[in-house]
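# Overview (structure and organization)
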Amino acid sequence: MPRTSALLSLAVIGTLSGAGTVSAQTTVRLSAGATLASPLVRDELGGAITLQAAVAPTISLAVTHPVGLGYRLVLEGQFASSSLEVTDNGVKDNLGALRSIGALLLLDGPIRGALRWQAGGGALAYRPARKLGVFADDSPTRWLLAAGANWSRTLTTDMNLVVGARYDFSTFTTKRLDRVGYSQFTTVNRVGLSAGVERRF
Amino acid sequence: MRRLLPLALLAVAACSDLVTPLRSNPYEYRKFISKGLLDGSVDTVRFHWPRSFLPVRVWVAANDPLLPHMATAVDRWNATFLYGEFRATLVSDSSAADIIVRNVVAPPGGEAPLLGLEALAPECRGETDLFYNLSARTIVLPIRMYIYPRFVTSPPGLESCYRITATHELGHALGLLEHSPNASDVMFSDPVLDGISDRDRITAETVYHLPATYAPANRR
């Protein structure tokens with residue numbers, strides 16, 4: 001993880017200063033978008049209950065590095081922040097902010113022209129603002145699998161516009177749920193759309 | 001067929017859900033009040049705070065020794081519910097409080113109809129007074145809570161008695177209107193549990209997931 005942080009820091013410095021400190025074919029991409037997630041918990045207590053993150057504004061920073069034959073390795077960090085919403089027997093309530101931090105390692109390959117696929121995995125850490133309810137005992141970190149596609153268009157000699165769509169899934173449970181007898185896990189499906197700029201080095 | 005197997009496994013994994021536990025039976029939490037002396041009929045009081053009232057505002061005087069114990073009680077009950085069904089917060093302005101907690105002996109009941117719910121422990125005593133309006137089927141705010149020492153001097157164990165009694169009385173104020181028959185629950189009439197048991201939690205969950213017959217009113 002410290003190595004990841006160092007690489008991401010290097011990428012940020014590189015992006016901001018425009019200095020070509022990374023190898024010539026490496027790119028750094030900064031994107032913004034939104035992530036829609038399926039419920040974290042579905043329950044039945046006198047009526048249906050769902051606990052779900054609202055649509056989350058998301059920013060991501062990715063470093064890509066060619067690995068030959070047109071493929072690239074992508075190291076990406078994501079940050080999303082929205083509210084944790086519960087729908088309890090039809091009544092909606094806001095339980096405070098829920099942030100998620102993702103770290104992914106993806107393989108990126110060509111589809112056709114400027115369209116490329118991405119697939120890989122990583123970890124997703126939930127960071128609720130309040131230690132309440134299902135998050136009373138911990139802020140879990142879960143593995144995730146992800147796949148998506150990116151389309152890019154050249155803006156300048158060393159900058160691209162990149163538009164992407166991403167799907168990922170991970171499992172969800174918490175120590176609190178486990179402690180009160182819930183077993184197994186919920187699969188959380190997320191879909192994200194983003195747009196950003198990519199700088200080539 | 002073999003190519004489809006990973007996709008089928010992926011589809012199953014992508015749709016799985018938590019398995020909810022079997023919940024044991026709650027203890028009696030409803031209060032039965034007499035509707036009239038002549039016909040002898042009773043009304044069932046089931047009360048919980050609607051989500052639109054959350055967080056419930058609890059006031060204790062800033063210099064009151066009860067304050068840290070009430071904060072513990074609030075934290076405990078807040079953490080008990082999985083889906084934020086009940087959330088309370090301490091406030092500094094008593095005029096904006098839904099629950100007023102005082103470290104004095106409860107005054108004798110007057111003309112207004114009230115549910116006086118007590119806790120009896122060796123070192124301290126607690127009472128939660130919920131004034132109700134039978135015709136409107138409302139609990140009139142603020143709810144008043146009294147927690148006080150039983151002796152003039154501070155006996156050993158008073159601090160823990162305050163903590164247990166504050167948790168017990170807040171349990172009444174959130175809707176557990178009766179006492180548990182089990183001594184290992186904090187809602188037992190003479191509580192000794194310094195916390196909230198699974199039975200307390202399951203009963204409180206039940207209170208918040210069944211329709212209430214009384215609603216809070218006169219919020220300031």
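Reference entry: report on the structure contained in this document. (Residues numbered from 1 in each chain as written. Chains lettered and ligands numbered in written order. Predicted model: local features only at pLDDT ≥ 70, side-chain atom pairs only at ≥ 80, totals over all residues.)

### Digging into the overall build of chain B
Per the secondary structure count, chain B includes four helices and nine strands. Evaluated residue by residue, chain B yields a buried proportion of 38% over its 220 residues. Excluding contacts between residues fewer than 6 apart, the proportion of contacts in chain B whose partners are at least 24 apart in sequence is 66%. (Helix = DSSP H or I, 4+ residues; strand = E, 2+ residues; numbered from the N terminus. Buried ≥ 20, exposed ≤ 12 C-beta atoms within 10 Å, placed from the backbone. Contact = placed C-beta atoms within 7 Å.)

### Brief notes about the overall build of chain A
The secondary structure content of chain A amounts to two helices and 10 strands. The linear arrangement of helices and strands in chain A, starting from the amino end, is α-β-β-β-β-β-β-β-β-β-α-β. Burial status across chain A gives 37% buried among its 201 residues. A separation of at least 24 residues holds for 58% of the contacts in chain A among residues at least 6 apart in sequence.

### Observations concerning the packing of helix α2 (residues 67-80) of chain B against helix α3 (residues 158-174) of chain B
Residue and element names in this part refer to chain B. As a packed pair, α2 and α3 sit with axes 8 Å apart at the nearest point and diverge in direction by 50 degrees. Relative to α3, the element α2 is oriented oblique. Considering only the axes of α2 and α3, their crossing is right-handed. Facing His-69, Met-70, Thr-72, Ala-73, Val-74, Arg-76 and Trp-77 of α2, the residues of α3 in contact are Tyr-162, Arg-163, Ala-166, Thr-167, Leu-170 and Leu-174. Per-class residue counts for the contact of α2 with α3 are eight nonpolar, three polar and two charged. (Axes fitted to C-alpha atoms, helices over the stretch in contact; angles between N-to-C directions. Parallel < 35°, antiparallel > 145°, perpendicular 65-115°, else oblique. Left-handed = near helix turned anticlockwise from the far one by under 90°. Nonpolar A, V, L, I, M, F, W, Y, C, P; charged D, E, K, R; others polar.)

### With respect to the interface of chain B and chain A
At the interface, 20 residues of chain B touch 30 residues of chain A. Class assignment of the residues belonging to the side of chain B that touches chain A gives a composition of 11 nonpolar, five polar and four charged.

### Focus on helix α4 (residues 198-208) of chain B
Residue and element names in this part refer to chain B. Most of α4 sits inside the fold, with eight of its 11 residues counted as buried. Listing the buried residues of α4 in full gives Arg-199, Asp-200, Thr-203, Ala-204, Glu-205, Thr-206, Val-207 and Tyr-208. Where α4 is buried, its residues meet α2 and α3.

### A look at the nonpolar core
With 44 residues, the main nonpolar core has Val-58, Met-70, Ile-99, Val-101, Ile-147 and Leu-174 of chain B as its most contacted residues. Of all the secondary structure elements, the ones that give two or more residues to this core are β3 (56-60), α2, β5 (99-102), β7 (124-133), β8 (138-149), α3 and α4 of chain B. If you tally residues by element for this core, the top one is α3 of chain B, at seven residues. The residues touching Val-58 of chain B, leaving out its near neighbours within four places in the chain, are Met-70, Val-74, Ala-88, Thr-89, Leu-90, Val-91, Ala-97, Ile-99 and Val-101 of chain B. The next biggest cluster of nonpolar side chains, apart from the first, holds 26 residues, and it includes Leu-51, Ala-53 and Val-134 of chain A together with Leu-82 of chain B. (Core = buried A, V, L, I, M, F, W, Y, C linked by C-beta atoms within 7 Å.)

### Quick notes on the environment of Leu-54 of chain B
Residues and elements named next belong to chain B. When you line up the elements, Leu-54 lands in the loop between β2 (42-45) and β3. Note on Leu-54: 17 C-beta atoms within 10 Å, which makes it partly exposed. Taking C-alpha positions, Leu-54 is 27 Å from Pro-21, a pair spaced 33 residues apart along the chain. Residues in contact with Leu-54, not counting those within four places in the same chain, are Trp-49 and Arg-87.

### Observations concerning the pairing of strand β6 (residues 91-112) of chain A
All names here are of chain A. Examined bridge by bridge, strand β5 (residues 71-88) and β6 share 16 bridges and lie antiparallel to one another. Across the sheet, residue Glu-85 finds its bridge partner in β6, namely Asn-94. The hairpin formed by β5 and β6 contains two residues between the paired strands, and Asn-89 there has a positive phi angle of roughly 55 degrees. Two strands pair when backbone bridges link them, and β6 and strand β7 (residues 115-128) are joined in this way by 14 bridges, in the antiparallel orientation. Considered in β7, the bridge of Leu-105 is made with Gly-121. What sits between β6 and β7 in their antiparallel hairpin is a turn of two residues, with Gly-113 showing a positive phi close to 55 degrees. (Pairing = 2+ DSSP bridges.)

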